[in-house]
Amino acid sequence: MADRIIQLKKLPESPIDERKFRINYREALNAAQFAAAAHRDGPLLVIAGAGSGKTRTLIYRVARLIESGAPPGAILLLTFTRRAAQEMLRRVERLIGERGGQVAGGTFHSFANTVLRRHGAAIGLKPGFTILDRSDMEDVINLLRGRMGFGTKERRFPKKGAIAEAISMARNKGRELKDELEADFAHLLEHEAEILAIAAAYETYKRERGLLDYDDLLYRLASLMREHEGVRNRLSDTYRHILIDEYQDTNAIQAELARLLAATHQNVMAVGDDAQSIYSFRGADFRNIMEFPKLFPGARIIKLEENYRSLQGILDLANEVIDRAAEKYSKALFTERRGEFRPVLVRARDEQTQSRFVAQRILELREEGVSLDEIAVLFRSSFHSFDLELELQRRDIPFVKRGGFKFIETAHIKDVLAHLRVIANPADAVSWMRALTLTPGVGARRAERIIESIVARERPEDALADAAAQAGLRAQAALDGCVRLAATLARLREAGRRPADQLADVIEYYAPLLREAHPDDYPKRERDLEHFQNLAERYRSLDAMLADMALEPPTDSIGDVLAVEPEEGHVTLSTIHSAKGLEWRAVFVIWAAEGRFPGPMSASPEELEEERRLMYVAATRARDELYLTYPIHMFDRSLGYVMGRASRFLDDLPAEVLPTALLQEEDDAAPA
DNA sequence: CTTCTCCCTGTTTTT
DNA sequence: CAGGGAGAAG
């Protein structure tokens, strides 16, 4: 006789008692957001439209993981910019208290830096490696090109920037340089053999001297984890929950890092928006986000489509812009937010008028009670704001500018840094080159000879004076200069010195050289050095300071007006790239004109598609008000004044979605 | 042979 | 505005 069968009932999907949590997640989040935040284990992909509470969802998921018992240190939050990382960690801390501060987080690059300094020995890395930024990379390439004798006779050898770009792109796409050149750098193929030789020499050079460029940080971390199962499992066990923001901007290596980090648990949450992929120039491919379910089989997919940021009129515009994209995107944004506002396309007479309009409207907004902190002006390329910066200065409107040139990239800061880097890594020949050629009478040739004879030493500066004499330096002034440099470096190397004091010594040594080199504008540059000095005070180790300067440099170039009444806030001027993930109550997009946005460099259909997404990103930064402007008369260097046309991304939009306005002088007629 | 100086050009976007 | 090239000067 058969046993009696008793049916065991399946428990309902979510038996979790919400009351055990301190935070009321159901109240704080909508259904889709809640599903994402409450997700426990296994891969999860969140496709989140602009303004759909993506960051909020991430933060609540972190909080919930911790409330469910995950140690904060086991949660790793990877982002693309330091600002995004800091902002998130701050909000986590506010939500759940100081334990939130123990959550690990940062950019892919800074995470790689930390891991490689600790575990890099397994792949032959010294912990004291130096990080090369893009211009350092170009300096090395230039040095090698010279050494190898390329481009001296021939006129048309590719520029160092082009070579660096090709090398970097190949790395980020995980391709052979040869293939990359053939696919995307056809114009360099003429010099293929030389470029390949330079690339090979570049690799050797970096390895011999303990140098890593940005791409190496990711690439070597991936090799480390691929080749060393022990390290891989240790890292994966340490970080039981990996959360990745802006996944649409990952490239091939970053996707692999995600896979490697999740080796022992598959707990990866990726958040992104395919319509906001704007980093293909860095090797990012928005198809990555589509491939996520292939990389992590069984991934759960959640879409966030409701927008909490913008008024419907602004979303209508954004939807129209992205609707016209060649590749169709999966979402249409909608919102419950009601309001009359429609975005406006403002046609200004010329650039000056455009600037005047923006400045005037900013002042009006301030009159209406909008804080300057709630206003941003966005543009395609950082130089587009030059005229506006002057206008804002004229009217005493405080602003900060994000993106574009950072003060860390200016020659005088790099000069000062070079001296510190030589102390941190005596084998860093690029920095030696920079420091040495600053002394009068020493140029590239002699500097190289000097470096060759001293660079292998532990304290190269001890041999500096002799080497200088042997390198053919005759002039007493030049020899004296080398002696002074050696003395300064020797002092820097004394044990137990604070980075800030070391920097002060360098600046003392460097100040006369700076005045000599820039008699016209050295006061401005000295102010930058002072600013740098202040920044240095926070660091306890030179290595940490140098790594930060390469990976997470201070981004805001402080406008001269910053000191004016700081309590009233400041307008943000930003490239669209740097504005990613941020929002403001009122947003201006200037230079929304053909030839600027899209710019002249965007020719291929793919590039134009990316420009379109960029416009979409720009528009969706605005909460309540959005103004797009362009000048009717644009100045072109070769043609003089030409007629400006509205950006093709706005040109064909229906007038209900984007009405136009023309600016008029006050006494001309009725106001526009 | 090297360095310095002056004039030109041409400028995305970022870790 | 800086990076590169050409030519002058050390």
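Owing to the predicted nature of the structure, the values given are computational and were not obtained by experimental measurement.

Details of the environment of L317
Piece 1. Note on placement: L317 falls in helix α14 (residues 312-323).
Piece 2. Counting along the chain gives 84 residues from L317 to K401, while the straight-line C-alpha distance between them is 26 Å.
Piece 3. In this structure, L317 is in contact with P343, A619, L626, L628, L650, L653, V657 and L658, ignoring residues within four places of it in sequence.

Concerning the pairing of strand β14 (residues 584-589)
Piece 1. Summarising burial for β14: 5 of the 6 residues are buried, a large majority.
Piece 2. Note: β14 against strand β15 (residues 622-636), 5 bridges, orientation parallel. Bridge assignment links V589 to a residue of β15, and that residue is L628.

A few points about the side chain of D505
Piece 1. Relative to the assigned elements, D505 resides in helix α22 (residues 499-517).
Piece 2. Overall, D505 belongs to the buried group, its relative accessible area being 11%.
Piece 3. Apart from the residues within four sequence positions on either side, D505 is in contact with T488, R491, L492 and R497.

Things to note about the packing of helix α15 (residues 351-367) against helix α16 (residues 386-394)
Piece 1. Two elements in contact, α15 and α16, have axes whose closest approach is 9 Å; the angle formed by their N-to-C orientations is 45°. One element, α15, and the other, α16, form an angle in the oblique class. The handedness of the crossing between α15 and α16 is right-handed. Of α16, the residues touching α15 (which contributes E351, Q352, S355, R356, V358, A359 and I362) are D387, L388, E391, L392 and R394.
Piece 2. Partitioning the contact of α15 with α16 into residue classes produces 5 nonpolar, 2 polar and 5 charged.

What to know about the packing of aromatic side chains
Piece 1. With the rule as written, the count across this model stands at 13 aromatic pairs.
Piece 2. When the centroid spacing of 6.0 Å and the interplanar angle of 85° are considered together, the rings of Y25 and Y60 count as edge-to-face. With Y25 in helix α1 (residues 25-28) and Y60 in helix α3 (residues 54-67), the pair connects residues that are 35 residues apart, well separated along the chain.
Piece 3. According to the relative accessible area criterion, Y25 is buried, its value standing at 0%.
Piece 4. When the centroid spacing of 5.4 Å and the interplanar angle of 40° are considered together, the rings of Y279 and F281 count as tilted.
Piece 5. Among the aromatic residues, ring-to-ring pairing joins F341, F357, F588 and Y627 into one connected group.
Piece 6. One cation-aromatic arrangement involves R117 over F129; the distance from NZ or CZ to the ring centre is 4.0 Å.
Piece 7. The ring of Y219 carries the charged tip of R171 above its face, separated from the ring centre by 3.8 Å.

Quick notes on the rules
Residues numbered from 1 in each chain as written. Chains lettered and ligands numbered in written order. Predicted model: local features only at pLDDT ≥ 70, side-chain atom pairs only at ≥ 80, totals over all residues. Heavy atoms only, no water. Helix = DSSP H or I, 4+ residues; strand = E, 2+ residues; numbered from the N terminus. Contact = heavy atoms within 4.5 Å. Buried < 20%, exposed > 50% of the residue type's maximum accessible area, 1.4 Å probe, protein only. Pairing = 2+ DSSP bridges. Axes fitted to C-alpha atoms, helices over the stretch in contact; angles between N-to-C directions. Parallel < 35°, antiparallel > 145°, perpendicular 65-115°, else oblique. Left-handed = near helix turned anticlockwise from the far one by under 90°. Nonpolar A, V, L, I, M, F, W, Y, C, P; charged D, E, K, R; others polar. Phe/Tyr/Trp six-rings, centres within 6.5 Å; stacked < 30°, edge-to-face > 60°. Lys NZ or Arg CZ within 6 Å of the ring centre and 35° of its normal.

That is the geometry; function is a separate question.
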